[in-house]
Amino acid sequence: MEGYTKECKYCHRVLPDDYPSDVCPGCKEEYLFSKVRDYIRNNEVNEYMVANEFQIPLRKVRGWIKEGRIEYVDAETRIVGTKCQRCGKSVTFGMLCPDCMRLLNYSNKKIQLVQKPDEKRDDKMRFL
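Asks: Can you help me understand the nonpolar core in this one?
Replies: Judged by nonpolar contacts, the single largest core of 13 residues is most densely connected at Val36, Val50, Phe54, Ile56, Val61 and Trp64. Going through the elements one at a time, helix H1 (25-42), helix H2 (47-54) and helix H3 (58-67) are the ones with two or more residues in this core. At 4 residues, the largest contribution of residues to this core is made by H1. When sequence neighbours within four positions are dropped, the list of residues in contact with valine 50 reads Val36, Tyr39, Ile40, Val45, Ile56 and Val61.

This is the structure we're talking about:
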């Protein structure tokens, strides 16, 4: 068909003509996550059960936990080895415990208050 462009049926992003699906990778990921979220809400499961149910890598489920997109509901079901990267306490989601998160947020507010508005900031990245 002349002028026909293949596109994602959800977000309408243009896809290559030889792309094997009619859904882009981003929409597939969001659709999978919504199914996982509903499954977790309706069942008492751990990360191994989720990975097995959806035939996805365990690291994907753990990644969602580290991103804070899903979390465990009680202390007994925490992932073994998921620790706060600052103090080492066990965490149910993300990479910092609530205490370190509060401390970090407080420090950031304090830094913003101390900096003068007319000060030039050097926000460029560099190697250390």
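Read on, since the account is not over.
Asks: Please clarify how the environment of lysine 6 should be interpreted in this entry.
Replies: Within the fold, lysine 6 resides in the segment before H1. Judged by relative accessible area, lysine 6 falls into the buried class, the value being 16%. With 11 residues separating them along the chain, lysine 6 and aspartate 17 place their C-alpha atoms 5.8 Å apart. Leave out the neighbours within four places in its chain, and lysine 6 touches Arg13, Val14, Leu15, Pro16, Asp17, Tyr19, Pro20, Ser21 and Asp22. Separated by 2.2 Å, the side chain of lysine 6 and the backbone oxygen of tyrosine 19 make a polar contact.

Asks: Looking at this structure, how should I read the packing of aromatic side chains?
Replies: The description of an aromatic ring pair uses the distance of the two centres, along with the angle that the planes make with each other. Tallying each qualifying case throughout the model produces 2 aromatic pairs. Relative to tryptophan 64, the ring of phenylalanine 33 has its centre 5.0 Å away and its plane inclined at 75°; by these criteria the two rings are edge-to-face. Of this pair, phenylalanine 33 sits in helix H1 while tryptophan 64 sits in helix H3, and the two are 31 residues apart along the sequence. Using a relative accessible area of 5% as the deciding quantity, one classes phenylalanine 33 as buried. With a centroid separation of 5.4 Å and an interplanar angle of 85°, the aromatic rings of tyrosine 39 and phenylalanine 54 are classed as edge-to-face. Separated by 15 residues along the polypeptide, tyrosine 39 in helix H1 and phenylalanine 54 in helix H2 bring together distant segments of the chain. Summarising the burial analysis for this pair, tyrosine 39 and phenylalanine 54 share the class buried. Stacked on the ring of phenylalanine 33, the Lys or Arg arginine 69 has its end atom at 3.9 Å from the ring centre.

Asks: Help me understand the pattern of salt bridges, please; the structure alone is not making it clear to me.
Replies: Two side chains that carry opposite charge are able to pair once their charged atoms sit near each other. Across all of its chains, the model carries 5 salt bridges by this definition. Across the pair arginine 69 and glutamate 30 runs a salt bridge whose closest N-O atoms are separated by 3.2 Å. Placement of arginine 69 in the loop between H3 and helix H4 (98-114) and of glutamate 30 in helix H1 is noted, with a sequence separation of 39 residues between them. The class for arginine 69 is partly exposed, based on a relative accessible area of 32%. A salt bridge links aspartate 99 to arginine 102, with the shortest nitrogen-to-oxygen separation between them at 2.5 Å. You can see aspartate 99 and its partner arginine 102 sitting in helix H4, 3 residues apart, about one turn around the helix. Residue aspartate 99 is classed as partly exposed on the basis of its relative accessible area, which comes to 41%.

How each quantity is defined
Residues numbered from 1 in each chain as written. Predicted model: local features only at pLDDT ≥ 70, side-chain atom pairs only at ≥ 80, totals over all residues. Heavy atoms only, no water. Core = buried A, V, L, I, M, F, W, Y, C linked by side-chain atoms within 4.5 Å. Buried < 20%, exposed > 50% of the residue type's maximum accessible area, 1.4 Å probe, protein only. Helix = DSSP H or I, 4+ residues; strand = E, 2+ residues; numbered from the N terminus. Contact = heavy atoms within 4.5 Å. Polar contact = N/O pair within 3.5 Å; in protein donor to acceptor, adjacent residues only side chain to side chain. Phe/Tyr/Trp six-rings, centres within 6.5 Å; stacked < 30°, edge-to-face > 60°. Lys NZ or Arg CZ within 6 Å of the ring centre and 35° of its normal. Salt bridge = Lys/Arg side-chain N within 4 Å of Asp/Glu carboxyl O.

Worth remembering: the numbers are spatial, not functional.
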